[in-house]
There are 2 protein chains.
Amino acid sequence: MKAEIIAIGTEILLGEIIDTNSAHIAQQLPELGIDLFYKTVVGDNLGRITETFERAWNRSDLVITTGGLGPTEDDMTREGVASLLHEEPRVDPGLERRLRAWFEGRGFPMPETNLKQAWLIPSARAIDNPRGTAPGWWVERDGRVIVCMPGVPPEMERMWANEVRPELERRSDGQVLVTRTIKTVGIGEGTVDEMARRLYGTPGIGIGTYARADGVHLRIGAKAASREDAWARIEPVEREMESIFGTAIWGRDDDTFEGMLRDEFVSRRLTLGVMESVTGGLMASTLTDVPGAADYFKGGLVTYWTDQKIEAGVDAAIIAEYGVISPETAAEMARAVRLRLGTDYGIGITGVGGPDPMEGKAPGTVHVAVADPEGGTSTLSMSMNQGRAAVKRRAVLTAMILLRRSLLGERR
Amino acid sequence: MKAEIIAIGTEILLGEIIDTNSAHIAQQLPELGIDLFYKTVVGDNLGRITETFERAWNRSDLVITTGGLGPTEDDMTREGVASLLHEEPRVDPGLERRLRAWFEGRGFPMPETNLKQAWLIPSARAIDNPRGTAPGWWVERDGRVIVCMPGVPPEMERMWANEVRPELERRSDGQVLVTRTIKTVGIGEGTVDEMARRLYGTPGIGIGTYARADGVHLRIGAKAASREDAWARIEPVEREMESIFGTAIWGRDDDTFEGMLRDEFVSRRLTLGVMESVTGGLMASTLTDVPGAADYFKGGLVTYWTDQKIEAGVDAAIIAEYGVISPETAAEMARAVRLRLGTDYGIGITGVGGPDPMEGKAPGTVHVAVADPEGGTSTLSMSMNQGRAAVKRRAVLTAMILLRRSLLGERR
């Protein structure tokens, strides 16, 4: 089944709102055996909406739209579909009753402009929207389907999950695509590609490599008549990959680095503390983005000023000798925070966020360090120049990679 | 000038990567007097890329593409443009030299697949990309323009800002739209709308209100033959708004709360320290997202465990009496960090990130406090339940709003 997604709204077109709906839907279509070929954004203009609908109607079996179902003159998705199919919209008495009841339940009269939210055309049936006033439209004619959903993400997501996706699943008679993502770190994309190459020919399996901020991902995909059949194809390939990549694999599918570290620390009953300057708190914040972080993460010190570092136990002599921006100071920060907070592991991060250099070091120079329970420290340095926010993010990831390496080393 | 944006890449189409490039560009087109009519996403398929290019070429004066300029077989933007214009790509000797030098500078040989990044067609000239190996293409024929930029956001953003936007500005001969956004906080959207209503009829001016996470924004827009003329229309309306909203206005255009606070603290030679638990470092990280934060922000303590709070000077008796999740503990944290770090102001944040309750308090319960130079404290509480990440972000914003209020109060 060939599908396309159309997002409707001038605010989305002009980038004032980021369109997350399309990605939400797109991610799930492969599992339904539906091929997505295009996504389009069009503003609140009836001519251009209708033109976009016509093209989609001609080339796709399934058209999914979001947005343009509000009560105002700007909302023209219903008009666009009616114009595409040359059908006349009429107020549906049942929908009108429900709409008026919705407003009554909230204690204020329904503005008459809202009445268009009770419209239907002969080829359309309403899709329930308990989170708002705009029902969706399921439009079907000549073997083709248009599904119109509201643009407000919580309304759209509920309608998609409870109404649209199940209906599409029922109709799906074709092949289902199931994927498994294996996440590696520490090996370049070219090498990962070479190491996995002997699996590429596996019948009924597709394998892709993707370079991501948190390492190289391998995605195994299998199409089959059922999810069970697809998983049965993926499983032996996944086992093979585990034997090829070993400890370079740190996670699967939706796993995050911070979630993996939490699991590792908690299962081994270890604790962690961090001292950071260039990342300004982002290290601690990232670690605490996952529920249950409190089970191993005791706390952090954002020692933005040098006197704060010394106050927190960093040896002033080391700063004087090597400078604040040095692997030695990073190591000393990791050691100091481990002692100060009484944790098993400590992380230290120092560097230059930019845009100006510091101590003659270029913006984007970062040194991270890990202090381990045996009193050892390891350090890693990086340098990039893509702006302050990117430097902070990359520095946090570098520290997490080093921490994982230290945890693995200890285990051996 | 009619424009459209095309994002190329299967990963964007399938929602694995959110397309932020299109929004980045779209937001800036109105200022150049360019009307944007469509945004399209198409996967890595030469047939569909070419088809999309053909339609765009026929209906738009300016087509802006992002993505598909990498070195692999999947990257087919150059092929698509060549096929659209029936022109033959050739390796450009100058580009090839630069490309090989780029790899040499990094100490490894250039894979021969990369050579296509040195391609040009007769109608294209290269656009410089100092952040990566893929130059852009500026394609011009029959009075129409296609601009191809890389998909990696930092590369795209730099190319857009330094090369593409200035060139489009030079060519802009039509009406220019200039906008000024006034950012308010502490007043609801309905009230803001009512207060500003008497300005709505101003000739040659459009005014819109937008509810955003950091308050209600008012946008004043003016179209005119030149930027100067447009600004002359906006200016008196902006003055009026200043007199209507007074100190409820906290910023303009691209201003951020953290930037505003930095300016305020630095100009008044004040310093700040924070102690946070539920936000886990995000407060400090947000404050240090702006350059120059070190001029006033001394540091932060992420006291995730209760013993860390007491260690940092929080009175254990207050925690025992009121609980960790209380306005009293937040105020005590703000007081303690101010003393511990020797700053003029202190912020304290405590709460429940979720998903589980703590001390019988629901997830999303947060108390923030500010300690001021006179030894006073003020607190603000919030409660929301939209997941851990949203709670953290909203808590940080609430603390910044309270801090600004305290700064304003002091001034009076």
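A quick note: this is a predicted structure, and the numbers were derived from the prediction, not measured.

A. Fine view of the packing of helix H3 (residues 46-59) of chain B against helix H4 (residues 77-85) of chain B. Residues and elements named next belong to chain B. Two elements in contact, H3 and H4, have axes separated by 9 Å at closest approach and are oriented at 55°. Taken together, H3 and H4 sit at an angle that is classed as oblique. Here the hand of the crossing between H3 and H4 comes out right-handed. Residues Leu46, Ile49, Thr50, Phe53, Glu54 and Trp57 of H3 form the contact with H4, whose own contacting residues are Thr77, Glu79, Gly80, Val81, Ser83 and Leu84. Partitioning the contact of H3 with H4 into residue classes produces 6 nonpolar, 4 polar and 2 charged.

B. Expanded view of unusual backbone geometry. All names here are of chain A. In this structure, the amide linkage connecting Gly354 to the following residue, Pro355, adopts the cis form with an omega of 5°. For Pro355, the position within the fold is in the loop between strand E15 (345-351) and strand E16 (365-371). For Glu359, which is not glycine, the phi torsion reads 50° and is therefore positive. Looking at the element boundaries, Glu359 is found in the loop between E15 and E16.

C. Spatial organisation of the domain arrangement of chain A. All names here are of chain A. Per the domain assignment, the segments of chain A are domain 1 (2-171), domain 2 (176-252) and domain 3 (257-411). Distance from the C-alpha centre of domain 2 to the C-alpha centre of domain 3: 32 Å. Counting residues at the interface gives 6 residues for domain 2 and 6 residues for domain 3. Considered class by class, the residues forming the side of domain 2 that touches domain 3 number 3 nonpolar, 2 polar and 1 charged.

D. Region of the structure containing the environment of A:Asn129. Residues and elements named next belong to chain A. Structurally, the position occupied by Asn129 is in the loop between strand E6 (124-127) and strand E7 (136-141). Along the backbone, Asn129 and Trp160 are 31 residues apart, and their C-alpha atoms lie at a distance of 9.9 Å. When near neighbours in sequence (up to four residues on either side) are disregarded, Asn129 contacts Ala134, Pro135, Gly136, Pro150, Glu155 and Met159.

E. Quick peek at the environment of B:Asp92. Residues and elements named next belong to chain B. Among the structural elements, Asp92 can be located in the loop between strand E4 (90-91) and helix H5 (93-105). Distance in space between the C-alpha atoms of Asp92 and Leu120 is 6.2 Å, their sequence separation being 28 residues. When neighbours within four sequence positions are excluded, Asp92 is seen to be in contact with Ala118, Leu120 and Ala126.

F. Structural view of the pairing of strand E17 (residues 377-383) of chain A. Residue and element names in this part refer to chain A. Bridging between E16 and E17 involves 7 bridges; their strand directions are antiparallel. Among the inter-strand pairings, Thr365 is bridged to a residue of E17, identified as Ser383. Connecting E16 to the next strand, E17, in antiparallel fashion are 5 residues, including Gly375 with a positive phi near 90°.

G. The arrangement of the relation of the copies chain B and chain A in detail. You can overlay chain B on chain A at an RMSD of 2.4 Å; the transform is a turn of 179° with a shift of 2.2 Å along its axis. Taken together, the interface assignments show that 96% of the residues at the interface of chain B recur at the interface of chain A, consistent with an identical surface on both copies.

H. Spotlight on the sheet that holds strand E10 (residues 206-212) of chain B. All names here are of chain B. On the basis of which strands lie adjacent, the open sheet formed by 4 strands has the order E10-E11-E9-E12 and antiparallel pairing. Edge strands, defined here as strands with exactly one partner in the open sheet, are E10 and strand E12 (249-252). Each neighbouring strand pair of the sheet contributes to a mean axis angle of 25°, computed without reference to strand direction.

I. Broad picture of the environment of A:Arg269. All names here are of chain A. Assignment of secondary structure puts Arg269 in the loop between helix H9 (257-267) and strand E13 (272-276). The exposure class assigned to Arg269 is exposed, which follows from the 9 C-beta atoms found within 10 Å. Arg269 sits 104 residues away from Arg165 along the chain, and the two C-alpha atoms are 42 Å apart.

J. Just helix H6 (residues 153-171) of chain B, in detail. All names here are of chain B. Helix geometry: H6 is bent most strongly at Trp160, by close to 45°. Considered for burial, the residues of H6 that qualify are Glu155, Met156, Met159, Trp160, Val164 and Leu168. Against helix H2 (21-28), strand E3 (62-66), strand E6 (124-127), strand E7 (136-141) and strand E8 (144-149) lie the buried residues of H6.

K. Quick peek at the interface of chain B and chain A. At the interface, 46 residues of chain B touch 47 residues of chain A. Looking at the side of chain B that touches chain A element by element, the count peaks at 7 residues for strand E2 (residues 35-42) of chain B. Of the strand pairs in this sheet, strand E14 (residues 297-302) of chain A and strand E14 (residues 297-302) of chain B are connected by 3 bridges, and their pairing is antiparallel. Directly across from A:Gly300, in E14(B), lies its bridge partner B:Val302.

L. Spotlight on the packing of H2(B) against H6(B). All names here are of chain B. At their nearest, the axes of H2 and H6 sit 10 Å apart, and the two run at 20° to each other. Relative to H6, H2 is oriented roughly parallel. Classified by chirality, the crossing of H6 by H2 is right-handed. Every residue of H6 that contacts H2 at Asn21, His24, Ile25 and Gln28 is listed here: Pro153, Met156, Glu157, Trp160 and Arg165. Here the residues of the contact of H2 with H6 are counted per class, giving 4 nonpolar, 3 polar and 2 charged.

M. Main features of the sheet that holds strand E12 (residues 249-252) of chain A. All names here are of chain A. With antiparallel pairing, the 4 strands of this open sheet are ordered in space as E10-E11-E9-E12. Only two strands of the sheet have a single neighbouring strand rather than two, namely strand E10 (205-212) and E12. Ignoring strand direction, the axes of neighbouring strands in this sheet form an average angle of 25°. Summarising the sheet, strand E9 (residues 176-184) and strand E11 (residues 215-224) pair through 9 bridges and their orientation is antiparallel. Paired with Arg180 across the bridge in E11 is Ile220. Of the strands in this sheet, E9, E10 and E11 are in contact with helix H7 (residues 189-196), which crosses E10 at around 160°.

Criteria and cut-off values
Residues numbered from 1 in each chain as written. Chains lettered and ligands numbered in written order. Predicted model: local features only at pLDDT ≥ 70, side-chain atom pairs only at ≥ 80, totals over all residues. Axes fitted to C-alpha atoms, helices over the stretch in contact; angles between N-to-C directions. Helix = DSSP H or I, 4+ residues; strand = E, 2+ residues; numbered from the N terminus. Parallel < 35°, antiparallel > 145°, perpendicular 65-115°, else oblique. Left-handed = near helix turned anticlockwise from the far one by under 90°. Contact = placed C-beta atoms within 7 Å. Nonpolar A, V, L, I, M, F, W, Y, C, P; charged D, E, K, R; others polar. Domains from an automatic or database assignment. Pairing = 2+ DSSP bridges. Least-squares fit on C-alpha atoms with pLDDT ≥ 70 in both. Buried ≥ 20, exposed ≤ 12 C-beta atoms within 10 Å, placed from the backbone. Bend = angle between axes of the 7 residues up to and from the residue.

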